[in-house]
Amino acid sequence: MDEYSDEWCRNNTKAPELAIQAHSAPLGIAFYEFQDDQCPGRLRPDFDGHAFVAYHGSWNRDVPTGYKVVRIPFPLEDPVDVLAHTGTGAQWPSGFRPVDTVFDTCGHLLVSSDGTRVGNVFTDGVIVRICEGDMCNST
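What counts and how
Residues numbered from 1 in each chain as written. Predicted model: local features only at pLDDT ≥ 70, side-chain atom pairs only at ≥ 80, totals over all residues. Heavy atoms only, no water. Helix = DSSP H or I, 4+ residues; strand = E, 2+ residues; numbered from the N terminus. Buried < 20%, exposed > 50% of the residue type's maximum accessible area, 1.4 Å probe, protein only. Contact = heavy atoms within 4.5 Å. Lys, Arg positive; Asp, Glu negative; His and termini not counted. Charge placed at Lys NZ, Arg CZ, Asp CG, Glu CD. Patch = residues over 30% accessible without salt bridge, like charges linked within 9 Å, V, L, I, M, F, W, Y side chains within 5 Å. Areas by Shrake-Rupley, 256 points an atom, 1.4 Å probe, with all protein chains shown as cover. Salt bridge = Lys/Arg side-chain N within 4 Å of Asp/Glu carboxyl O. Pairing = 2+ DSSP bridges. Axes fitted to C-alpha atoms, helices over the stretch in contact; angles between N-to-C directions. Disulfide = S-S within 2.5 Å.

Participant: So what's going on with the overall build of the chain? Which residues, and what values?
Facilitator: Along its length, the chain carries one helix and nine strands. Secondary structure of the chain in N-to-C order comes out as α-β-β-β-β-β-β-β-β-β. C-alpha atoms of the chain, sized along the principal axes, occupy 60 × 45 × 20 Å. Burial statistics for the chain: of 139 residues in total, 32% are counted as buried. Long-range contacts, defined as pairs at least 24 residues apart, comprise 46% of the intrachain contacts of the chain with a sequence gap of at least 6. Side-chain charges of the chain comprise 10 positive and 20 negative groups, with the mean position of each set lying 5 Å from the other.

Participant: Any chance you could break down a nonpolar patch on the surface for me, citing the residues and the numbers?
Facilitator: Residues Ile29, Phe31, Phe74 and Leu76 make up a contiguous nonpolar surface patch of about 370 Å² in total accessible area. The topology assignment puts leucine 76 in the loop between strand E3 (68–72) and strand E4 (80–84). Among the residues examined, leucine 76 registers a relative accessible area of 35% and is labelled partly exposed.

Participant: Give a description of the sheet that holds strand E9 (residues 126–130) that names residues and reports values.
Facilitator: Spatial strand order, E5-E6-E9: three strands in an open sheet with antiparallel pairing. Unpaired on one side and paired on the other, strand E5 (98–103) and E9 mark the two borders of the sheet. Strand-to-strand twist across the sheet, computed as the mean angle between neighbouring axes with direction ignored, equals 25 degrees. Note: strand E6 (residues 109–113) against E9, five bridges, orientation antiparallel. Bridging across to E9, leucine 110 finds its partner in arginine 129.

Participant: Report on the state of the cysteines, specifying residues and quantitative values.
Facilitator: What the rule picks out here adds up to one disulfide. A disulfide bridge connects cysteine 39 with cysteine 106, and the sulfur atoms are separated by 2.2 Å. Sign of the S-S torsion, about -50 degrees for the bond between cysteine 39 and cysteine 106, identifies this disulfide as left-handed. Taken together, the residues span a long stretch of sequence, with cysteine 39 in the loop between strand E1 (26–31) and strand E2 (51–55) and cysteine 106 in the loop between E5 and E6 at a distance of 67 residues. Per residue, the accessibility class of cysteine 39 equals that of cysteine 106, and both read buried.

As structure tokens, this is what we get:
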């Protein structure tokens, strides 16, 4: 391995375009395709082509990470939190852990969470729908 030094790597490989914190566990990714239809609550047209990534998270760290959904804009910019716990720590008290992302026919983002443990109680998996504005609950 002497022939592959740090200097060799810097000169002969391409650095990543985007780094993701270790243990974030990105499991699901979906790219938004804006549809110019009449569905209320669809995501904004300026999100067209952006990636939405489910970070499952890591339970075995002193400071948990992940447990959220991010939007990665293109052209490439830093990820933006779309759905994240705003309380203390990364973990949701409900045990919510994003697994996958997909868009329905109206452009609403659907996020699945597997069943997980909160203390000694196991919760069922859920699907959360993310929409724009007040129209989300009307469809």
